[in-house]
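Descriptive structure summary
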Amino acid sequence: NAGVMQNPRHLVRRRGQEARLRCSPMKGHSHVYWYRQLPEEGLKFMVYLQKENIIDESGMPKERFSAEFPKEGPSILRIQQVVRGDSAAYFCASSPGTAINSPLHFGNGTRLTVT
Amino acid sequence: GQQVMQIPQYQHVQEGEDFTTYCNSSTTLSNIQWYKQRPGGHPVFLIQLVKSGEVKKQKRLTFQFGEAKKNSSLHITATQTTDVGTYFCAGGSGTYKYIFGTGTRLKVLA
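Below: a short report on this structure. (Residues numbered from 1 in each chain as written. Chains lettered and ligands numbered in written order. Predicted model: local features only at pLDDT ≥ 70, side-chain atom pairs only at ≥ 80, totals over all residues. Heavy atoms only, no water.)

Before going further, it helps to examine the overall build of chain A. If you tally the helices and strands in chain A, you get zero helices and eleven strands. Reading chain A from its N terminus to its C terminus gives the helix and strand order β-β-β-β-β-β-β-β-β-β-β. Relative to the globule expectation of 13 Å for 115 residues, the C-alpha radius of gyration of chain A, 13 Å, shows essentially globular dimensions. Taken along the three principal axes of its C-alpha coordinates, chain A extends 40 × 25 × 25 Å. (Helix = DSSP H or I, 4+ residues; strand = E, 2+ residues; numbered from the N terminus. Rg over C-alpha atoms; globule rule 2.2 N^0.38 Å.)

In this section: the interface of chain A and chain B. Across the contact, 25 residues belong to chain A and 24 residues belong to chain B. The contact between chain A and chain B buries some 1800 Å² in all, and 55% of this surface belongs to carbon and sulfur atoms. Linking chain A with chain B are one salt bridge. With its nearest N and O atoms 3.9 Å apart, the salt bridge here joins A:Glu40 to B:Arg105. Summed over the shared surface of chain A and chain B, the result is nine residue pairs in polar contact (both at pLDDT 80 or more). Among the secondary structure elements, those contributing two or more residues to the side of chain A that touches chain B are strand E4 (31-37), strand E5 (43-50) and strand E6 (53-56) of chain A. (Contact = heavy atoms within 4.5 Å. Buried area = accessible area lost by both parts, 1.4 Å probe. Salt bridge = Lys/Arg side-chain N within 4 Å of Asp/Glu carboxyl O. Polar contact = N/O pair within 3.5 Å; in protein donor to acceptor, adjacent residues only side chain to side chain.)

The next point concerns the sheet that holds strand E7 (residues 65-68) of chain A. Residue and element names in this part refer to chain A. Reading across from one edge, E1-E3-E8-E7 is the order of the four strands in this open sheet, with antiparallel pairing throughout. Of all strands in the sheet, those with a lone pairing partner are strand E1 (5-7) and E7, marking the two edges. Each neighbouring strand pair of the sheet contributes to a mean axis angle of 15°, computed without reference to strand direction. By the bridge criterion, four bridges tie E7 to strand E8 (residues 75-79) in an arrangement that is antiparallel. The residue of E8 that forms the bridge with Ser66 is Arg78. (Pairing = 2+ DSSP bridges. Axes fitted to C-alpha atoms, helices over the stretch in contact; angles between N-to-C directions.)

All chains considered together, the criterion is met by two disulfides over all chains. Put simply, A:Cys23 and A:Cys92 are joined by a disulfide, and their sulfur atoms are 1.8 Å apart. Because the sign of the S-S torsion sets the handedness, a value of about -50° for the bond joining A:Cys23 and A:Cys92 places this disulfide among the left-handed ones. Placement of the pair is A:Cys23 in strand E3 (residues 19-24) and A:Cys92 in strand E9 (residues 88-95), with a sequence separation of 69 residues. The partner cysteine of B:Cys23 in its disulfide is B:Cys89, sulfur to sulfur 2.0 Å. Around the S-S axis, the bridge from B:Cys23 to B:Cys89 shows a dihedral of about 75° and counts as right-handed. Of the two residues, B:Cys23 is situated in strand E3 (residues 19-25) and B:Cys89 in strand E9 (residues 85-92); the sequence distance between them amounts to 66 residues. (Disulfide = S-S within 2.5 Å.)

Relative to the helices and strands, B:Gln33 resides in strand E4 (residues 31-37). Among the polar contacts made by the side chain of B:Gln33, one reaches the side chain of B:Gln48 at a distance of 2.8 Å.

A complete count under the given rule lists six salt bridges over all chains for this structure. Within the structure, one salt-bridge network assembled from shared partners comprises A:Glu18, A:Arg20 and A:Arg78.

Below, the structure written as structure tokens:
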């Protein structure tokens, strides 16, 4: 029973390039959350998606960041024109229902480094 | 907006000593979850508390939810080196969104 799969594990981008982070939720999970974590800091909520719908993107910067969770395929977090401040670990989590009733299952994260 | 603070931020203990981390929310919570993140790893769910004053135990770990449902604590008895990591609380406010605390980083000295 595969857990939440994120790839790539590490991603290096130069300033101005695009970063695409992928997340495949656990089997049977239709709710996906993206969190961002700076070194030695907590997890900051970015966006919550269900299949084909963005439910809450209040934690995501309005410019350069976008997320999707298509009917088929993984959830994608896309960062355009990356800047050094985007360097962080990005964690995806999934749950079978709304997280208020069930735990979040986290992937191993994608560690983005912007040079 | 809702804030969830944890203290202490860091804690170093000798192996065998006890450890406690405290979680405080600025608003009343519907429930609270606790996660552990090992260095270089990802958060792993430990437990969920729902009822006011609830206490749950997992071996050497004791979790408590305050009467007012605004604070929580995690206590580890007789720490071991395997307890090393960052412990996060995550407060739920009745919706799908959990606000994670700032975390307590535990180091256990052998």
